[in-house]
Amino acid sequence: MPSIETVAEPLVSLRDLHLSFGASPVLKGIDLDVHRGQAVSIIGPSGSGKSTILRCITGLLQPQRGSIRVGATEVHTLAKEAQRIELRKRVGFVFQQYNLFPHLSVLENLVIAPRKVLGRSRIDAEKEARALLAKVRMEHKADAYPGQLSGGQQQRVAIARALAMRPELILFDEVTSALDPETVGEVLTVIRELTEEGMTCVLVTHEMRFAEEISDIVYFTENGVIVEHGSATQIFQHPGSERTQEFLRHALGDPGRRPATANDPYLLTNLSRYSLSV
Ligand SMILES: Nc1ncnc2c1ncn2[C@@H]1O[C@H](COP(=O)(O)OP(=O)(O)OP(=O)(O)O)[C@@H](O)[C@H]1O
Ligand SMILES: [Mg+2]
């Protein structure tokens, strides 16, 4: 008998997504589904289109062809920035760069969007913010400023800040790849707990063991297409495609992590747009 996941309507559904930057095709027909409560990982070589897929889900990028649905919202049809801001209230996005507001304390970073965007009272917003800080084990730093925190601590605050908007799903784009090895674990623990609690998550990651452990479904992308997808066991233990096998051989065989690509000017441009919208 099919499980509930397979018969229920997916929360996120991408169909035949095509996107080019100028003359360069970057997404060449992406189909991807995320069901409520699932943890879905997207893995694949650098430049294969993983971040572009996440940006399409939040309406930061418009595909030339295909459809993107999040809940009842047909994202590809949204014409106004105000509509996309509405969407981003429901979709949390945590990036490699923590992008906390540097001039605000940790607590204020969590309180500002629920107050300004959702109209919550200060008392309610602070109460929830403190609970979320406790959840990511950062309550002792509520009054600190982002610059006084380690990378891993900032990233945990960034996750708590995304949660403060009570999103329907959260997208994580390589949130550990700029971190020192010793702080990676503490961030992954927070994400693991979220997935265990049933938060719907889409995760782009180079942490293959982590993806294998926590994902319900894994998509392997290469060169703008989904080469294959399936359960974590299927993809990691019995990959069907030779390309997936080769990628995993390299990725799992090399214990070193990829250096951070923090100077992606495109991402920074969009980051500020996104920050303004929350
Ligand atoms: N604004 C842009 N203009 C032109 N090309 C872009 C732009 N943004 C991304 N690209 C290109 O699109 C392709 C896919 O980029 P994307 O960032 O989605 O890759 P990725 O799979 O996330 O890679 P990585 O693992 O390095 O983060 C790359 O070749 C990239 O250079
Ligand atoms: Mg990327």
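Coordinates for the structure precede this section.
Residues numbered from 1 in each chain as written. Chains lettered and ligands numbered in written order. Predicted model: local features only at pLDDT ≥ 70, side-chain atom pairs only at ≥ 80, totals over all residues.

### Notes on the overall build of the protein chain
Each helix and strand counted, the protein chain has 11 helices and 10 strands in total. Counting the 278 residues in the protein chain, one finds 41% classified as buried. Sequence-distant contacts in the protein chain: of pairs separated by 6 or more residues, those separated by 24 or more amount to 66%. (Helix = DSSP H or I, 4+ residues; strand = E, 2+ residues; numbered from the N terminus. Buried ≥ 20, exposed ≤ 12 C-beta atoms within 10 Å, placed from the backbone. Contact = placed C-beta atoms within 7 Å.)

### Some points on the nonpolar core
Within soluble globular proteins, side chains that are nonpolar tend to cluster in buried spots. Membership of the largest hydrophobic core comes to 74 residues, with the highest contact counts inside it found for I57, V94, A160, F172, C201 and V202. With seven residues, helix α6 (residues 151–164) is the largest single contributor of residues to this core. (Core = buried A, V, L, I, M, F, W, Y, C linked by C-beta atoms within 7 Å.)

### Considerations on the packing of α6 against helix α7 (residues 181–196)
Packed helix pairs are specified by the crossing angle of their axes together with the interaxial distance, meaning the distance between the axes. At a minimum axis distance of 8 Å, the contact between α6 and α7 shows a crossing angle of 15°. Classified by the angle between their axes, α6 and α7 sit roughly parallel to one another. As for the relative orientation of α6 and α7, their crossing is right-handed in sense. Together, G151, G152, Q155, R156 and I159 of α6 and T183, E186, V187 and V190 of α7 make up the contact between the two elements. Of the residues contributing to the contact of α6 with α7, the split by class is three nonpolar, four polar and two charged. (Axes fitted to C-alpha atoms, helices over the stretch in contact; angles between N-to-C directions. Parallel < 35°, antiparallel > 145°, perpendicular 65-115°, else oblique. Left-handed = near helix turned anticlockwise from the far one by under 90°. Nonpolar A, V, L, I, M, F, W, Y, C, P; charged D, E, K, R; others polar.)

### Some words on unusual backbone geometry
Negative phi is the rule for most residues except glycine; trans is the rule for most peptide bonds. Within the chain, D16 stands out as a residue other than glycine whose phi angle is a positive 50°. Residue position: D16 is located in strand β1 (residues 12–21).

### As for the site of ligand 1
Lining the immediate environment of ligand 1, one finds 12 residues, of which F21, S46, K50, S51 and T52 sit closest. Going through the elements one at a time, β2 (24–34) and α2 (50–57) are the ones with two or more residues in the shell around ligand 1. With three residues, the single largest contributor to the shell around ligand 1 is α2. Residues belonging to the shell around ligand 1 are distributed by class as follows: three nonpolar, eight polar and one charged. (Near = placed C-beta within 6 Å.)

### As for the sheet that holds strand β4 (residues 65–70)
Two orientations exist for strands paired in a sheet by backbone hydrogen bonds: parallel and antiparallel. Strand order across the open sheet formed by four strands is β2-β1-β4-β5, with antiparallel pairing between neighbours. The sheet is open, and its two edges are formed by β2 and β5 (73–74), each paired on a single side. With two bridges joining them, β4 and β5 adopt antiparallel strand pairing. Within β5, the position partnered with R69 by the bridge is E74. Against the sheet, α2 engages β1, β2 and β4, with an angle of about 65° to β2. (Pairing = 2+ DSSP bridges.)

### Some remarks on the sheet that holds strand β10 (residues 225–231)
Strand order in the open sheet formed by six strands is β6-β7-β8-β3-β9-β10, and the pairing between neighbours is mixed. The sheet is open, and its two edges are formed by β6 (91–94) and β10, each paired on a single side. Along the sheet, successive strands turn relative to each other by an average axial angle of 15°, direction set aside.

### Details of the pairing of β6
Alternating residues of β6 divide into V91 and F93 and G92 and V94, and every residue in both groups is buried. Across four bridges, β6 lies against strand β7 (residues 169–173) in parallel orientation. Residue pairing in the sheet places G92 in a bridge with I170 of β7.

### Description of the environment of E213
With respect to the secondary-structure elements, E213 resides in helix α8 (residues 208–214). Overall, the presence of 14 C-beta atoms within 10 Å leaves E213 in the partly exposed class. In this structure, the C-alpha to C-alpha distance between E213 and R192, residues 21 residues apart in sequence, is 8.9 Å.

So, to be careful, I would describe these as geometric facts and stop short of saying anything about function.
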